[in-house]
Amino acid sequence: MTELEVSRKLRIDSSDVLARPRRLRLTEGIRSLVAENEITPRQLVMPIFVKEGSGIKEEIESMPGIFRFSPDSSLDAEVSDLEDLGINAVLLFGLPSKKDSSGSEAYNPSGVIQQAVRRIKQMIPEMVVICDVCMCEYTDHGHCGILNGRGYVENDKTAELLGKIALSQARAGADIVAPSAMMDNQVLEIRRALDASGFENTAIMSYSSKYSSAFYGPFREAASSAPSFGDRKSYQMNPPNVREAIREAQMDIEQGADIIMVKPALAYLDVIRAVREKFGLPLAAYNVSGEYAMIKAAALNGWLDGKRAMEETLTAIKRAGADIIITYFAKEFLSSKLNSEKSPGRKK
Ligand code: PBG
């Protein structure tokens with residue numbers, strides 16, 4: 001049929017039966033009956049910043065509602081709150097008290113992250129504990145790996161160290177290690193290091209398609225991990241590229257990744273969709289610090305409805321094709337869901 005014929009036909013059909021999509025938008029009950037996508041609470045991952053020390057619970061200025069916790073009763077209290085809300089998984093970032101040029105605290109068996117993993121697993125064995133595997137929080141220069149003499153991050157030496165870091169996290173009890181340094185072949189190095197020590201069941205969630213993004217700004221304040229010189233453009237991806245995101249994901253799958261990831265999420269929804277359509281592996285999307293901060297800042301100013309903006313954002317990431325959503329909103333989302341379930345039903 002030509003376009004003209006199609007439109008003629010439609011006109012005839014619509015004079016017989018008027019289409020009224022608004023029927024299915026009439027009540028909350030009907031709307032949810034026909035909703036095509038839903039955020040799955042058990043697939044939300046809450047990031048946690050763990051800071052070496054004791055008795056610490058300090059709010060991050062650019063991320064209202066998000067805190068740094070020391071690996072003691074402060075962390076215990078937070079994690080047990082998360083469990084009560086039904087959070088199934090946490091992603092840990094460690095903030096060591098001393099940094100050096102090779103980030104050696106990252107693989108210290110009694111380092112801050114290793115302490116945190118042991119504590120959480122001891123307290124709640126069912127909680128899925130994921131550890132970020134990177135060096136930028138541990139190096140004094142803030143880059144994600146070790147430098148050669150000319151300020152360039154050395155790929156292969158860094159990948160080897162990432163294997164060592166992942167192994168020490170697995171030893172502490174991590175269920176999943178999540179390399180975010182964007183070194184080539186890091187997944188392979190990590191898989192080999194884990195398998196060689198009997199950790200063949202520790203899964204790898206690879207930050208496979210991670211872009212060099214302004215939206216990591218608040219995280220770098222939270223983790224004091226901004227590079228002291230230069231930027232991360234020689235290892236993180238260039239924002240205009242999407243075919244390259246697929247290639248990166250493909251390489252990581254070949255190297256043994258169990259879960260792949262697109263990061264950030266909001267400015268990269270098309271990338272989430274493209275990677276989803278190409279691969280069958282579970283796909284995570286990271287709703288990063290800057291995406292959280294934007295909504296929080298606007299909501300605190302009364303410029304938009306923070307709760308609705310949060311729900312719409314998480315829904316968009318789901319609709320784009322993510323299975324797992326890593327988000328600083330995880331706790332808030334679940335507590336607001338719990339509150340609305342307490343007073344269910346009759347509202348329109
Ligand atoms: C470590 C890492 C970063 C984030 C996650 N892992 C920072 C970066 O790459 O600069 C950012 C997360 C966020 O912004 O929420 N490399």
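Because the structure is a prediction, the values reported are computed rather than measured.

Next up on the list: the nonpolar core. Judged by nonpolar contacts, the single largest core of 104 residues is most densely connected at Ile48, Phe49, Leu91, Leu92, Met205, Ile272 and Tyr286. Tallying contributions element by element places helix H5 (residues 155-172) first for this core, with seven residues. Residues within four places of Tyr286 in sequence aside, it is in contact with Pro47, Leu91, Phe93, Tyr207, Met261, Val262, Lys263, Pro264, Ala265, Glu291, Ile326 and Tyr328.

A separate point is the pairing of strand S9 (residues 260-263). Along S9, one buried face is formed by Ile260 and Val262 and the opposite face, lined by Met261 and Lys263, is buried too. Here strand S8 (residues 209-210) runs beside S9; their pairing, made up of two bridges, is parallel. Residue pairing across strands places Ser209 opposite Val262, the latter belonging to S9. Where S9 meets strand S10 (residues 283-287), three bridges bridge the pair, whose relative direction is parallel. Note on S10: the bridge partner recorded for Met261 is Ala284.

Here the structure, examined in full by the defined rule, presents 10 aromatic pairs. Aromatic side chains Tyr211 and Tyr268 sit 4.3 Å apart centroid to centroid with 25° between the ring planes, which places their arrangement in the stacked category. Within this pair, whereas Tyr211 is found in the loop between S8 and helix H7 (217-223), its partner Tyr268 is found in the loop between S9 and helix H9 (269-278), the two being separated by 57 residues in sequence. Neither residue differs from the other here; Tyr211 and Tyr268 are each classed as buried. Ring centres of Tyr292 and Phe329 lie 4.7 Å apart, and the angle between their planes is 50°; on these two criteria the pair is classed as tilted.

Turning to the environment of Asp76, a few remarks are in order. Relative to the assigned elements, Asp76 resides in helix H3 (residues 73-85). Judged by relative accessible area, Asp76 falls into the buried class, the value being 18%. The spatial distance from the C-alpha of Asp76 to the C-alpha of Ile120 is 7.2 Å, given a sequence separation of 44 residues. When sequence neighbours within four positions are dropped, the list of residues in contact with Asp76 reads Arg119 and Met123.

What follows deals with the state of the cysteines. When the sulfur atoms of two cysteines share a covalent bond, that bond is a disulfide. Applying the stated criterion to the full structure yields zero disulfides. Residue Cys134 stays outside any disulfide, its sulfur separated by 3.6 Å from that of Cys144, the closest cysteine.

Time to look at the packing of helix H11 (residues 306-320) against helix H12 (residues 330-342). At a closest axis distance of 11 Å, the pairing of H11 and H12 adopts a crossing angle of 110°. With respect to each other, H11 and H12 are oriented roughly perpendicular. Crossing handedness for the pair H11 and H12: left-handed. Residues Lys307, Met310, Glu311 and Leu314 of H11 form the contact with H12, whose own contacting residues are Glu332, Phe333 and Ser336. Looking at the contact of H11 with H12, its residues break down into three nonpolar, one polar and three charged.

As a matter of local geometry, the ligand sits amid 19 residues, with Lys210, Arg220, Lys263, Ser289 and Tyr328 nearest to it. Within the side chain of Arg232, a nitrogen or oxygen atom sits 3.0 Å from an oxygen atom of the ligand. Within the side chain of Gln236, one N or O atom sits 2.9 Å away from an oxygen atom of the ligand. Its free accessible area being 400 Å², the ligand has 100% of it covered by the protein chains. A per-class count over the shell around the ligand returns 10 nonpolar, three polar and six charged.

With that settled, the discussion passes to a negative patch on the surface. The grouping of Asp81, Glu83, Asp84 and Glu126 at the surface amounts to a negative patch. Along the polypeptide, Glu83 turns up in helix H3.

Right, let's talk about the pattern of salt bridges for a bit. This structure, assessed with the given rule, holds 15 salt bridges. Lys337 is the partner of Glu341 in a salt bridge, and the nearest nitrogen-oxygen pair spans 3.5 Å. Linking Glu341 with Lys337, this pair stays in helix H12, spanning four residues, or about one helical turn. Assessed through its relative accessible area of 26%, Lys337 is described here as partly exposed. Look at the salt bridges and you will find they share partners, linking Lys51, Glu58 and Arg68 into a network.

Scoring rules and cut-offs
- Every chain begins its residue count from 1, and numbering advances along the sequence as written.
- Thresholds applied to this predicted model are a pLDDT of at least 70 for local features of residues and 80 or more for the giving and counting of side-chain atom pairs; totals over whole chains, interfaces and linings are not thresholded and use all residues.
- Side-chain measures were taken over the full set of non-hydrogen atoms in the model, leaving aside hydrogen atoms and water.
- As used in this record, nonpolar core signifies buried Ala, Val, Leu, Ile, Met, Phe, Trp, Tyr and Cys residues forming a set joined through side-chain atoms within 4.5 Å.
- Here's how the labels work: a residue is buried when its accessible area is under 20% of the maximum for its type, exposed when over 50%, partly exposed in between, all with a 1.4 Å probe on protein chains only.
- The numbering of helices and of strands both runs from the N terminus, where a helix is a DSSP run of H or I of at least 4 residues and a strand a run of E of at least 2.
- When checking whether two residues touch, look at their non-hydrogen atoms; a contact exists if any pair is within 4.5 Å.
- Paired strands are those between which DSSP finds at least two bridges.
- Aromatic rings from Phe, Tyr and Trp, taking only the six-membered ring of Trp, are treated as a pair when their centres fall within 6.5 Å; an angle between ring planes under 30 degrees marks them as stacked, one over 60 as edge-to-face, and anything in between as tilted.
- Criterion for a disulfide: a pair of cysteine sulfur atoms at a distance within 2.5 Å.
- Simply put, an axis is a line fit to the C-alpha atoms, just over the touching stretch for a helix, and the angle between two N-to-C directions goes from 0 to 180 degrees.
- Each angle receives one of four descriptions, namely roughly parallel if under 35 degrees, roughly antiparallel if over 145, roughly perpendicular if within 65 to 115, and oblique otherwise.
- The sense of a crossing depends on the near helix, which, turned anticlockwise from the far helix by less than a right angle, makes the crossing left-handed and, turned clockwise, makes it right-handed.
- In this count, Pro and Cys sit with the nonpolar residues alongside Ala, Val, Leu, Ile, Met, Phe, Trp and Tyr, while Asp, Glu, Lys and Arg are called charged and the others, Gly among them, polar.
- When we say a residue is near a molecule or strand, we mean one of its heavy atoms is within 4 Å of it.
- Whenever a nitrogen or oxygen atom comes within 3.5 Å of another N or O atom, the pair is scored as a polar contact, on the condition that within protein one atom can donate a hydrogen and the other can accept it, and that pairs from neighbouring residues in sequence are kept only if both atoms are in side chains.
- All accessibility values rest on the Shrake-Rupley procedure with a 1.4 Å probe; residue burial counts only the protein chains present in the view.
- Patches here are clusters of residues that have more than 30% relative accessible area and form no salt bridge, with a 9 Å joining cutoff for like charges and a 5 Å cutoff for nonpolar side chains (Val, Leu, Ile, Met, Phe, Trp, Tyr).
- A side-chain nitrogen of Lys or Arg and a carboxyl oxygen of Asp or Glu constitute a salt bridge if their distance falls within 4 Å.
- In this count, Lys and Arg are taken as positive residues and Asp and Glu as negative ones, while His and the chain termini are left out.
- In plain terms, the charge of a residue is placed at NZ if it is Lys, CZ if Arg, CG if Asp and CD if Glu.

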